[in-house]
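# Observations on the three-dimensional arrangement
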Amino acid sequence: MMKIIVLLMLTMSAPYAAAQSSDWQKMWDETLGAARTEGKVVVAGPPDTQVRHALPAAFKARFGITLEYLSARS
């Protein structure tokens, strides 16, 4: 049953993935430029301690932009 649900969800989302803009790289570069102008990126995510500590460091190392991770504390 679970396989059918997953397959149905993938089938329903396929048109959205195919319709994604072909110039995604340009949009991503513009987003990174805006983040550099702002000075940081704020991301909300799950209250996972490992992610909360690892993601900001990895993002800073990869893009040179400070990432502030917001989550509910568990």
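Here is a short report on the structure shown in this document. In this text, all values refer to a predicted model and were calculated from it rather than measured experimentally.

Before going further, it helps to spend a moment on the packing of aromatic side chains. Overall, the coordinates contain two aromatic pairs when judged by the stated rule. Ring centres of Trp28 and Phe63 lie 5.6 Å apart, and the angle between their planes is 70°; this geometry places the pair in the edge-to-face category. Of this pair, Trp28 sits in helix α2 (residues 24-38) while Phe63 sits in helix α3 (residues 49-63), placing them 35 residues apart in sequence. You can call Phe63 buried: its relative accessible area is 18%. Plain terms: the ring middles of Phe59 and Phe63 are 4.8 Å apart, the flat faces sit at 50° to each other, and that makes the pair tilted. One end of the pair is Phe59 and the other is Phe63, both in helix α3 and four residues apart, which spans about a single turn. We note that Phe59, like Phe63, is buried. Clustering of aromatic rings is evident, with ring pairs tying together Trp28, Phe59 and Phe63.

Parameters at a glance
Residues numbered from 1 in each chain as written. Predicted model: local features only at pLDDT ≥ 70, side-chain atom pairs only at ≥ 80, totals over all residues. Heavy atoms only, no water. Phe/Tyr/Trp six-rings, centres within 6.5 Å; stacked < 30°, edge-to-face > 60°. Helix = DSSP H or I, 4+ residues; strand = E, 2+ residues; numbered from the N terminus. Buried < 20%, exposed > 50% of the residue type's maximum accessible area, 1.4 Å probe, protein only.

What is shown is where atoms sit, not what they do.
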